Amino acid sequence: MSRGEIQTITLTINGAEKTLTVHPSETLLDALRRASYTGVKHGCKTGDCGACTVLLDGQPVHSCMIRATEAEGHEVTTIEALAAGGQLHLIQQAFIETGAIQCGYCTPAKILVTKALLDRNPDPTEREIREALSGNLCRCTGYVKTVQAVQRAAAMLRGEEVEPFTPVEATLGPGRSPTDVVERYYHMAEDEAPLPPLLLSPPEMEPLRVVGKGVPKVDGVKLAAGRPVFTDDIKLEGMLYGALLTSPHAHARIKRIDASRARALPGVHVVLTYKDIPRVKYASGGQSYPQPPPYDQVVLDNKMRHEGDRVAVVAAETPELARRALRLIEVEYEVLPHVLDPQEAMQDGAPVIHDEPDTESIYDAQHNIVHHIEAEGGDREVQWAKADYVFEREYRTSRQQHAHIEPHVCITYWDEDDRLVVRSSTQVPFHIRRMLAPLIGLPEKRIRVIKPRIGGGFGNKQELVLEDLCALLTIATGRPVRMEYTRRQEFTSSRSRHPQIMRYKVGVTKDMEVVATELYLIGDTGAYGTHGLTVQMVGGQKGLTLYNAPYSRFVCDVVYTNKPPAGAFRGYGATQCFFGIETIMSEIADEMGWDVVEFKRKNWIKIGEELLLSKALGEGREGFEQVIRSSGLEECVQVGLEAMDWYNKRGNEAWRQKDATTRRGIGMAVMLHGSGVAGLDMASATIKMNDDGSFNLLVGATDLGTGSDTILAQMAAEVLGVPVEDIIVYSSDTDFTPFDKGAYASSTTYISGGAVRKAALDVADQIKEHAALMLGLESAEGLVLRDRKIIIPDGRELTLAQVALSSLHQQNQHQIIASASHMSYESPPPFGAQFVEVAVDTETGQVTVERVLMVVDAGRVVNPITASGQVEGGLAQAVGFAHCEEMVYDANGHLVNPRLGPYHIYKANEMPRIEVIFVQTEEPTGPFGAKSVAEIPMDGIAPAMADAIHDATGVWIREVPFTPERVWRALRAA
Amino acid sequence: MKNDQTKRILWSIVADVPLQSVLEDSRCPPLLRRTLTGTLSWQTRNETSVRKALGMPRIAPRWVAALMALGATVTVEGEAGPTEVLLSVGTRLPHPHMLHIPLVEGMRWGEACVARTPADEPIVAAVAVVEMSDGLVRQARVALTGVWPEPVRLAEAPARLIGSPLEEERIRAVAEAVEKEVAPRGDFRGSEEYRRAMAGVLTRRALEQCLRQEGENE
């Protein structure tokens, strides 16, 4: 930016007149963030996501779409204005109380839109709320609680009394049929939408004091206030800006690369190409040691294997200079033949994507088969001989993008001890530290990884994608460096869900018994292996376990193509394979004339059964034998059938025919998932008591918006007899928190929770022992921690503060502190049933999702508000996967929809009615009886929609997403 | 502005105003309201002027199609002074000053679209406006999105309706003619074949809405 181009503008920001120096082309977004209004976020810079929304003269606008100069003389309001004086605005308060904040990245924008709406309309309808919020994409919440937050805020601003926001609770057991419970709930909720979550408990389940309560998120206030808590919200002295040059070709070799012009540009500090970086092989998937093979990547290579592959990286004084420098790098490519279809990639003569000699452990590089997996259990001949009928079907799923609103972003810098600090939006800080060290030539002890708040991840941040490049730029320059993916790079250079081709073969008897199931799976891992092995193994294991046939066989080829690498994505292979198994089960029932629910019920896995393939199919290695110890699946289905009025709709022609050209349908699917990776995932926690009886809880667990910091604090508080506000959580810092595998595999509640519970029990024992010492008791037996006190059986009491002060300053002086680790050889499955109602336009093929219900057994629910938020958000992603989301490539391997708009994730004003019901069980191996909840919502919507579309039209669609043209063609072919 | 039979009001809008102001104007007819909501966000309406929306029809293609179906014109500044231009095929207007929307008493309208999801940008959308007089169609305009790179007002097919009663059989004939008249290009959301078929289906539906509709001011 030359001095001559700079302009000075005067405007009012949050009520105060400000003068900003801006470039004529600078957006209001960049100008505001440069001026430290970091509550203004960004997610696309194309006006699609709405995260950058500010109020301009009271009207919401995308600050990325207007120039700063256009704001001259106008009044700009950012989130920082709302909590002036430290007092939260009622809107912010309502967002916290209703659980409308998950990752919190898009929250400031939504709160500002809410303010603008309520300023003009103090009593908006739900439709008006959804319409107002339609420009604010949210990938976490499913918008349910956002609407509830706005309704609550409106009531509060009108001066009305509002009830505490709590789930509806009921007991489900003898004498209380699901019908009674659900009818009571639905009667109560008549004309109210969206509904609060319903929590059903077995009669023998004892309520706990803190666990099971919908306490507000521990990070809610700072997120609602828009404080600078995300990776990109700091600006370090002397910070440079990194930028990445990526391949325009799907498959090419760099013949010549000349960065001299870029390096000569004033303000450019370094340009790195493959010539400047040691060639160290690695795999980018953030998984436990040793990472599954193959190690088929290097930081920068001379061969490009997909559009968006890394070519070169630059660090410069400003982002604009960095981008200019990229344009000055001269690259001459030898364009190579490419292959996009995994089946074609396996053919003789297909282009070989990994022809480099230094990648080991590729199963068949000449045919682009990175892994070949075979596993089976049971007696093949005996079981197939029992089958009276054999069904074979093929199903296909598409490439879905995570579309977290906060892009991948990383800041690296040297600290005062010459240690490299990596501040990154990662789900796996400890894995990143371990994986990064060999790539940048530093020992692990000289690396510290910090995970601030994350704006969503969903698996995409379980990868090392920017940290190595950013670190190398800091090492080369000695300066802090910030790097961030553009939204386009999120599509072309990060990860996605593996597209799969599934060929299921199922043998059934005339008595509805599934005796044999085989799955041949082709997993398209794109250009690199990363999670290719583990995703397909999980998919096969889950897809063949739900019905756990006496004979099951899994054969899989994981195949390279010249597309961006697939990776971890919520559901992790199960989402795809459940589409196949649940649809073929529904197809079998339909063809045989069986009641689909009865057919599935007869065959789904039940308590006491051993998962046939759990040993053969671990994650990237042999697993461990698993037995189902808890299951609420039967209750989930019963409750769901009643809530949906299933038997009065399914097959009911009068209900089906909505109008002349629109037919309704209802469908269902059941599913299970896991709770962490058995025998591999490990977490640890440290709890330290403070003088005032409060506690520091240090966890390596990574809260990426899920609320894990909150539920872990609840577990500690439950054991220690204190409210959650007495637990100060610090998480995800490799220097100051103990190890945790990170946030993936639905492991945090079960594994990290197990560690917190153990540490808390240890601390509780220490407190009791010290209390016994203080009171001259011979034993600590019978002492109870409750209400911030130690209750002695003889009626005496000590406060926790008294014990803390005594232990630190007076008697037997020591720090009451404990660390504990937890792993498990079990991964107890949560279970669920999902129901979908659709309307199919038989002339256009357009499918409208009208209603979605998930009834889920997640064991004991630690926090019904955050857990239901997880389910609602997962359902929204699942509906997108099934209905509209698809990364589409042209014949040259170029992505044709690399923007949030054309890609399209669901908006607030088009979401179907979404409801969540929990059926609680007690999982004996879980902390407080808990299992997981994070991924299972992804698993059944696609097959339930396929079932519903079939119910409406008689046509089976075996490929997702169910786009209008795909459905139209199927209807025409029928 | 009046003629013998029909009350006709010309709603003129300065091209500088944002689309949100158009939406909030009490004169804004339901057809335009409908095409300004759903797909278009509040933020986009606030930051997009009428001029910008007309110059870049991909921002609000259904709204532009609705203007075409309404017979809207714009005043542009040319070398020979201000000129009034009818919004029609591929209109790209670099510097429109005013937008003029005729609002006709008894006007009937219909709008139909197909999209991946309810608030996604339609793959194809059809807007029809029919003016009736003495039981006969006096004017019929159909505009579509998704069958050309930009919104298009069809020239030939709707003319078949003029001078006759609005009847289902004629509507079907027009819809078939529309399929022949359009020249869509396929993309990832819909092939050429699909878009062509939808042009017919949606035109028929839009006109059927007109058939079922009492005129707005009738």
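Mind showing me how you'd approach the overall build of chain A here?
For chain A, the helix and strand inventory stands at 27 helices and 34 strands. The C-alpha radius of gyration computed for chain A amounts to 28 Å, which stays within 12% of the reference 30 Å derived for 974 residues, consistent with globular compactness. By principal-axis analysis of the C-alpha atoms, chain A measures approximately 85 × 80 × 55 Å. Counting the 974 residues in chain A, one finds 63% classified as buried. Across chain A, contacts joining residues at least 24 apart in sequence account for 79% of those joining residues at least 6 apart.

Could you clarify how one ought to interpret the pairing of strand 6 (residues 124-133) of chain B in this entry?
Looking down a regular strand, the side chains alternate between one sheet face and the other. Residues and elements named next belong to chain B. Burial runs high along strand 6: nine of the ten residues are buried. Where strand 5 (residues 108-114) and strand 6 come together, seven bridges link them in antiparallel fashion. Looking at strand 6, one finds that Gly 110 is bridged to Ala 128. For strand 6 and strand 7 (residues 136-145), the ladder comprises nine bridges, and the chain directions are antiparallel. Pairing of Glu 131 across the sheet is with Gln 139, part of strand 7.

What is the right way to read the interface of chain A and chain B from this model?
Reports of interface size often rely on the accessible area that becomes lost once the parts have come together. Listed by partner, the interface residues are 32 residues for chain A and 23 residues for chain B. Among the secondary structure elements, those contributing two or more residues to the side of chain A that touches chain B are strand 4 (59-62), helix 4 (126-132) and helix 27 (964-973) of chain A. Grouping the constituent residues of the side of chain A that touches chain B by class yields twelve nonpolar, 15 polar and five charged.

How should I be thinking about the domain arrangement of chain B in this particular structure?
All names here are of chain B. Splitting chain B by domain gives domain 1 (8-104) and domain 2 (108-212). Secondary structure elements with two or more residues in the side of domain 1 that touches domain 2: helix 2 (30-36) and helix 5 (61-70). When grouped by side-chain class, the residues that make up the side of domain 1 that touches domain 2 number eleven nonpolar, six polar and two charged.

How should I be thinking about the domain arrangement of chain A in this particular structure?
All names here are of chain A. According to the domain assignment, chain A consists of domain 1 (3-81), domain 2 (95-166), domain 3 (168-204 + 630-675 + 830-974), domain 4 (231-336 + 403-493), domain 5 (341-400 + 496-628) and domain 6 (682-823). Using only C-alpha atoms to locate each centre, domain 1 and domain 2 end up separated by 23 Å. Each partner contributes residues to the interface: domain 1 has 14 residues there, and domain 2 has twelve residues. Those elements giving two or more residues to the side of domain 1 that touches domain 2 turn out to be strand 3 (53-56) and strand 4. Counting residues per element, the side of domain 1 that touches domain 2 draws most heavily on strand 3, at three residues. Of the residues assigned to the side of domain 1 that touches domain 2, the class counts are seven nonpolar, six polar and one charged.

Is there a simple way to think about unusual backbone geometry in this case?
The phi angle of most residues is negative, glycine excepted, and most peptide bonds adopt the trans form. Residue and element names in this part refer to chain A. A cis amide bond links Pro 293 with the next residue in sequence, Pro 294, at an omega value of 0°. With respect to the element layout, Pro 294 can be found in the loop between strand 10 (268-272) and strand 11 (303-304). Of the consecutive residues Val 960 and Pro 961, the connecting peptide bond is found in the cis state with omega at 0°. By the element assignment, Pro 961 lies in the loop between helix 26 (941-953) and helix 27.

Sorry, what's going on with the sheet that holds strand 3 (residues 81-86) of chain B here?
Residues and elements named next belong to chain B. Taken together, four strands build an open sheet; the order of strands is 1-4-2-3 and the sheet is antiparallel. Two strands lie at the open edges of the sheet, namely strand 1 (8-14) and strand 3, each paired on one side alone. The sheet shows a mean angle of 25° between the axes of neighbouring strands, direction not considered. Pairing of strand 2 (residues 73-78) with strand 3 involves six bridges; the strand directions are antiparallel. Looking across to strand 3, one finds that Thr 75 is bridged to Glu 84.

Could you clarify how one ought to interpret the sheet that holds strand 23 (residues 657-659) of chain A in this entry?
Sheet strands associate in pairs through backbone hydrogen bonding, adopting either a parallel or an antiparallel arrangement. All names here are of chain A. A sheet is described by the order of its strands in space; here seven strands give the open sequence 6-7-34-33-32-24-23, paired in mixed fashion. Edge positions in the open sheet fall to strand 6 (168-171) and strand 23, since each of these has one partner strand only. The average undirected angle you get between the axes of adjacent strands in this sheet is 20°. As paired elements, strand 7 (residues 198-201) and strand 34 (residues 913-919) share three bridges and run parallel to each other.

Calculation notes
Think of each chain on its own: its residues are numbered from 1, step by step along the sequence as written. Chains and ligands are labelled by the order in which they are written, letters from A for the one and numbers from 1 for the other. Local features are withheld for residues below a pLDDT of 70 in this predicted model, meaning they are given only at 70 or higher, and side-chain atom pairs are given and counted only at 80 or more; totals for whole chains, interfaces and linings count all residues. Under the DSSP-based scheme used, a helix requires at least four consecutive residues in state H or I and a strand at least two consecutive residues in state E, with every element numbered from the N terminus. Only C-alpha atoms enter the radius of gyration; for comparison, a globular chain is expected to reach 2.2 Å times N to the power 0.38, where N is the number of residues. With C-beta atoms placed from the backbone, a residue is labelled by how many other C-beta atoms lie within 10 Å of its own: buried for 20 or more, exposed for 12 or fewer, partly exposed between the two. By the convention adopted here, residues are in contact when the distance between their C-beta atoms, placed from the backbone, does not exceed 7 Å. Pairing between strands requires that DSSP locate at least two bridges from one strand to the other. Nonpolar residues are Ala, Val, Leu, Ile, Met, Phe, Trp, Tyr, Cys and Pro. Charged residues are Asp, Glu, Lys and Arg, and all others, Gly as well, are polar. Domain extents, as shown, originate in an automatic or database domain assignment. Angles run from 0 to 180 degrees between N-to-C directions of axes, and those axes are lines fitted to C-alpha atoms, restricted for helices to the stretch in contact.

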